[in-house]
Amino acid sequence: MLKTYMAKKQEVKRKWYLIDAKDKILGRVATKAATILRGKHKTIYTPHVDTGDYVIITNASLVKVTGRKMSDKIYRRYSGYPGGLREVTLDTMLTKRPATVMQLAVQRMLPAGSLAKQMVKKLKIYADGKHAFEGQKIEVLEVK
């Protein structure tokens, strides 16, 4: 008789992955990062336990998008006051805050809740090619 394996928080061994987003498509990079953060690439994946690994994304400012998303995609935020709706296009966000664009893309691919907050803490995004985790054993991932 086979038993179902349930991963425990203490047993999870975490690795570090590096994704270079230069000239890569935004959605494909975000999908790969979300899969690794969630832990779906591991055989011990358990939906209610954070089994994911750390992800470092570099060159977030050099990411590409397809179609007319640069002008058509709009990020909205609302302050709660009348007239407090702010809208910013993807083009403006990529020039001013490229790390935020990548953060929102990955975060919105994760399930909502407290488990997603733990997963997002393991995501490190940098607009340029430098990162502060040189001491870790980092495995480079290629996104197609």
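Sequence order sets the numbering: in each chain, residues are counted from 1 along the sequence as written. Two thresholds apply to this predicted model, a pLDDT of at least 70 for residue-level local features and 80 or more for giving and counting side-chain atom pairs, whereas whole-chain, interface and lining totals are computed over all residues. To obtain the side-chain values, all non-hydrogen atoms of the structure were used and water was disregarded.

Asker: Can you help me understand the packing of aromatic side chains in this one?
Answerer: Given two aromatic rings, one states the distance between the centres and the angle between the planes to describe the pair. Stacked, tilted and edge-to-face pairs are distinguished by plane angle, under 30 degrees for stacked and over 60 for edge-to-face with tilted covering the rest, among Phe, Tyr and Trp rings (Trp via its six-membered ring) whose centres lie within 6.5 Å. Per the counting criterion, the structure on display carries two aromatic pairs. Consider the rings of tryptophan 16 and tyrosine 54, whose centres lie 4.3 Å apart with planes at 5°: the pair is stacked. Taken as a pair, tryptophan 16 in strand β1 (residues 16-20) and tyrosine 54 in strand β2 (residues 54-58) lie far apart in primary sequence, 38 residues in all. Burial classes follow relative accessibility: with a 1.4 Å probe on protein chains only, a residue under 20% of its type's maximum area counts as buried, one over 50% as exposed, and anything between as partly exposed. We classify tryptophan 16 as buried; its relative accessible area is 12%. The exposure class of tyrosine 54 is partly exposed, given its relative accessible area of 25%. Members of the aromatic cluster, each reached through a chain of ring pairs, are Trp16, Tyr54 and Phe133. Placement of a charge over a ring requires the Lys NZ or Arg CZ to be within 6 Å of the ring centre, with the centre-to-atom vector within 35 degrees of the ring normal. When the ring centre of tyrosine 75 is taken as origin, the NZ or CZ atom of lysine 73, which lies over that ring, is 4.8 Å away. Per the convention used, a helix needs a DSSP run of H or I reaching at least four residues, while a strand needs a run of E reaching at least two, with both numbered from the N terminus.

Asker: I keep staring at helix α1 (residues 26-38) and nothing clicks. Help me out?
Answerer: For the α-helix, the turn length of 3.6 residues means that residues three or four positions removed from each other point alike. To estimate how far a helix should reach, multiply one less than its number of residues by 1.5 Å. Between its terminal C-alpha atoms α1 stretches 18 Å, which fits the 18 Å expected from 13 residues at 1.5 Å a residue. Along α1, the residues that are buried comprise Leu26, Val29, Ala30, Ala33, Ala34, Ile36 and Leu37. On an axial view of α1, the arc spanned by its buried residues comes to 165°, and they lie on one face. Where α1 is buried, its residues touch β1, β2, α4 (98-107), α5 (114-121), β5 (123-125) and β6 (138-141). Glycine 39 lies just past α1 and shows a positive phi near 95°. In this context, the arc is that of the directions from the helix axis out to the C-beta atoms. The contact criterion used is simple: two residues touch if any of their non-hydrogen atoms lie within 4.5 Å.

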